[in-house]
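Chain by chain, the residues run as shown.
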Amino acid sequence: MKVFEKLLRSRSLFGSLSILILWYVLHLAIGSKIIPGPFETIVTFFHLMTGSLLLHILSSILRITVAIVLSMGIGIPLGLWMGLSKRADSFISPIAYILYPIPKVAFLPLFMVLFGLGNSSKIILILSIIVFQIILAVRDGVKEIPKEYFYSVATLGLNRWQIYSSLVFPAVLPKIMSALRVSIGVSIATLFFSENYATTYGIGYFIMNCWVMVDYVEMFAGILAMSLMGTFIFKAVDWAEGKICPWV
Amino acid sequence: MIRIRDLGVKYGNETALENIDLDIPKNKTCAIIGPSGCGKTTLLYTMAGLIVPSSGKVLINGEELKSTRKETGVILQNGGLLPWKTAWDNVALGLKARGMDKAEINGKVSAILEELGILEHRDKYPNQISGGQRQRVSIARTLVLEPDLLLMDEASSSLDAINREHIQNLILKLYMKNPATMVMVTHSIEEAVFLGQTIVIMERAAIKHIIENPYFGDEDIRTKPEYYNICLEVRKWLSKELSKEEEDK
Ligand SMILES: Nc1ncnc2c1ncn2[C@@H]1O[C@H](COP(=O)(O)OP(=O)(O)OP(=O)(O)O)[C@@H](O)[C@H]1O
Ligand SMILES: [Mg+2]
């Protein structure tokens with residue numbers, strides 16, 4: 001009984017159930033093969049997950065993860081530098097402001113010419129989306145640190161490196177996590193697009209390939225997998241934030 | 001111990017302090033009081049070496065102050081505790097920066113947290129403890145470094161009346177046990193008289209008057225009439241300041 005109540009109150013369960021019902025209603029209403037029923041899709045999903053679909057999903061997750069890690073590696077130092085040095089800020093910010101709103105997906109052909117047709121161009125495309133979010137979030141995060149904190153660590157006798165590790169870096173960590181959360185949606189969409197080109201691996205390829213083969217059940221299993229992947233990455237960011245920023 | 005000569009501080013072209021002369025002898029306490037915006041925090045930060053004066057100088061033990069000093073402890077207006085560090089890590093921060101070994105840090109930090117009655121909150125973050133407890137943590141963080149000069153900016157002003165008296169009693173007790181030179185900025189007349197051997201009354205950017213307080217050090221002073229006489233005197237000087245400002249307008 002208790003378990004049942006808990007399930008009822010769980011918001012993600014409520015959300016999933018509602019979507020399943022809506023899906024089923026659509027399936028009945030449209031009544032064609034374009035929208036297969038949830039049940040057969042889920043069965044196909046689990047069946048495919050023991051085989052090829054798992055590989056497609058994993059290669060997509062890998063591309064996004066590498067892009068996130070590289071974006072942080074580039075964006076955090078640049079953002080810190082811009083936040084702490086007026087000169088760096090006045091030099092880099094104008095460039096960042098112009099590049100930031102441009103839809104990066106338009107550069108995919110260029111990236112494929114420059115970085116090859118394989119993984120690199122796809123990863124760099126996603127990186128070019130996330131990295132600006134991180135640079136600007138870190139820069140603003142540094143600028144928002146109250147002066148009193150700098151005073152208080154100065155009076156405690158911390159050196160430059162200790163000020164970075166005890167004050168500046170922890171102050172911007174939560175900002176980095178929100179920047180990631182904001183950019184992940186766009187990243188997945190862009191990844192989906194880029195995986196239509198020059199690859200036979202990735203969830204984008206899988207879905208479009210099923211479409212071409214007119215296998216709507218498998219296509220929907222792919223869409224389901226991609227939605228789950230998005231949720232999984234979101235939850236992973238939440239989880240990481242709880243682990244590394246326990247004070248917020 | 002502190003010698004301030006002809007000190008001037010400017011923010012841009014706004015003068016925050018002008019022609020300040022002040023001497024504070026070793027192991028004495030000095031309370032600075034004055035209207036909001038008169039330059040108390042600026043004066044304290046200059047003594048801490050956080051603000052570079054635009055003219056004149058601050059000498060500490062005969063040496064001109066150029067930057068912060070390891071032996072000066074500062075408690076800022078809002079405590080300045082780092083939100084991402086637990087009470088324990090906040091207190092240990094300065095010791096770690098000095099490269100002390102772990103066992104020694106553990107001993108010192110637990111001793112001071114115990115003394116200030118906050119050991120049970122050691123693993124909590126600043127936003128998980130009360131204002132009074134937070135203030136104790138910032139006092140612990142400063143005292144654990146055993147400063148010979150302690151500068152405090154409104155150490156109790158964010159607290160309610162009862163907690164404020166607790167903190168004031170605590171500061172007096174700690175001072176009696178381990179005297180150090182102490183300068184505190186306050187906007188409470190009662191606090192200035194309770195904790196200051198010398199009471200410096202400021203007006204805009206300058207020192208208006210200095211009162212010696214012979215009753216300092218008596219924990220029960222708050223119940224005695226002499227205490228109120230000094231409070232009245234301070235109040236008189238502060239309101240003279242006010243009436244003068246009104247004349248200026
Ligand atoms: N960073 C700053 N930049 C420009 N002006 C400043 C700055 N800090 C303080 N001032 C100005 O200098 C004057 C003195 O400020 P200060 O903070 O020393 O006052 P205070 O006596 O501590 O006031 P309070 O009691 O409100 O804390 C004020 O007029 C204030 O506006
Ligand atoms: Mg002040």
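Model, not experiment: these values are computed from the prediction.

Some points on the packing of helix H7 (residues 119–144) of chain A against helix H9 (residues 160–194) of chain A
All names here are of chain A. Where H7 meets H9, the closest approach of the two axes is 8 Å, and the angle between their N-to-C directions is 155°. Our classification of the angle between H7 and H9 gives roughly antiparallel. For the pair H7 and H9, the sense of crossing is right-handed. Among the residues making up the contact of H7 with H9, the classes are represented as 16 nonpolar, six polar and three charged.

Focus: empty space enclosed by the protein
One pass over the full model with this rule turns up one cavity of 30 Å³ or more. For the largest cavity, the calculated volume is near 30 Å³. Forming the walls of the largest cavity are Thr155 and Leu156 of chain A together with Thr72, Gly73, Val74, Thr142 and Leu145 of chain B. Grouping the constituent residues of the lining of the largest cavity by class yields three nonpolar, four polar and no charged.

Some remarks on the confidence of the model for chain B
All names here are of chain B. The predicted model of chain B has a mean per-residue pLDDT of 91, with 96% of residues at 70 or higher. Here helix H7 (residues 225–248) is the element of chain B with the lowest mean pLDDT, 78, and strand S3 (residues 29–33) is the one with the highest, 96. Predicted complex metrics record ipTM = 0.86 and pTM = 0.82.

A look at the interface of chain B and chain A
Each partner contributes to the interface: chain B provides 23 residues, whereas chain A provides 17 residues. Across the chain B to chain A interface the summed buried area is about 1,800 Å²; carbon plus sulfur atoms make up 68%. When the buried area of chain B at its contact with chain A is split by residue, Leu50, Trp84 and Ala97 of chain B rank highest and sum to 31% of it. Across the chain B-chain A interface, the total number found is five residue pairs in polar contact (both at pLDDT 80 or more). With four residues, the single largest contributor to the side of chain B that touches chain A is helix H2 (residues 87–97) of chain B. Of the residues belonging to the side of chain B that touches chain A, the class tally is 13 nonpolar, five polar and five charged.

A word on a nonpolar patch on the surface
Residue and element names in this part refer to chain A. Taken together, the side chains of Ile95, Ile98, Leu99, Ile102, Phe107, Leu110, Leu114 and Phe115 define a hydrophobic patch exposed on the protein surface, amounting to about 690 Å² of accessible area. When you line up the elements, Phe115 lands in helix H6 (residues 108–115). A relative accessible area of 37% places Phe115 in the partly exposed class.

Let's talk about the site of ligand 1
Residue and element names in this part refer to chain B. In the vicinity of ligand 1 there are 13 residues, among which Ser36, Gly37, Lys40, Thr41 and Thr42 approach most closely. In the environment of ligand 1, an oxygen atom lies 2.6 Å from a nitrogen or oxygen atom belonging to the side chain of Lys40. Taking Thr42, its side chain carries an N or O atom lying 2.5 Å from an oxygen atom of ligand 1. Contact with the protein chains covers 65% of the free accessible surface of ligand 1, which is 630 Å². For the shell around ligand 1, the secondary structure elements donating two or more residues are strand S2 (14–24) and helix H1 (40–48). The dominant element in the shell around ligand 1, judged by the number of residues it contributes, is H1, at three residues. By residue class, the composition of the shell around ligand 1 is three nonpolar, six polar and four charged.

Rules and cut-offs
Residues numbered from 1 in each chain as written. Chains lettered and ligands numbered in written order. Predicted model: local features only at pLDDT ≥ 70, side-chain atom pairs only at ≥ 80, totals over all residues. Heavy atoms only, no water. Axes fitted to C-alpha atoms, helices over the stretch in contact; angles between N-to-C directions. Helix = DSSP H or I, 4+ residues; strand = E, 2+ residues; numbered from the N terminus. Parallel < 35°, antiparallel > 145°, perpendicular 65-115°, else oblique. Left-handed = near helix turned anticlockwise from the far one by under 90°. Nonpolar A, V, L, I, M, F, W, Y, C, P; charged D, E, K, R; others polar. 1 Å grid on protein atoms, 1.4 Å probe; cavity = no way out; pocket = protein on both sides within 12 Å on 5 of 7 lines; lining within 4 Å. Points joined across faces, edges and corners; volume = space filled by probe spheres on them. pLDDT = per-residue confidence, 0-100. Contact = heavy atoms within 4.5 Å. Buried area = accessible area lost by both parts, 1.4 Å probe. Polar contact = N/O pair within 3.5 Å; in protein donor to acceptor, adjacent residues only side chain to side chain. Patch = residues over 30% accessible without salt bridge, like charges linked within 9 Å, V, L, I, M, F, W, Y side chains within 5 Å. Areas by Shrake-Rupley, 256 points an atom, 1.4 Å probe, with all protein chains shown as cover. Salt bridge = Lys/Arg side-chain N within 4 Å of Asp/Glu carboxyl O. Buried < 20%, exposed > 50% of the residue type's maximum accessible area, 1.4 Å probe, protein only. Near = heavy atom within 4 Å.

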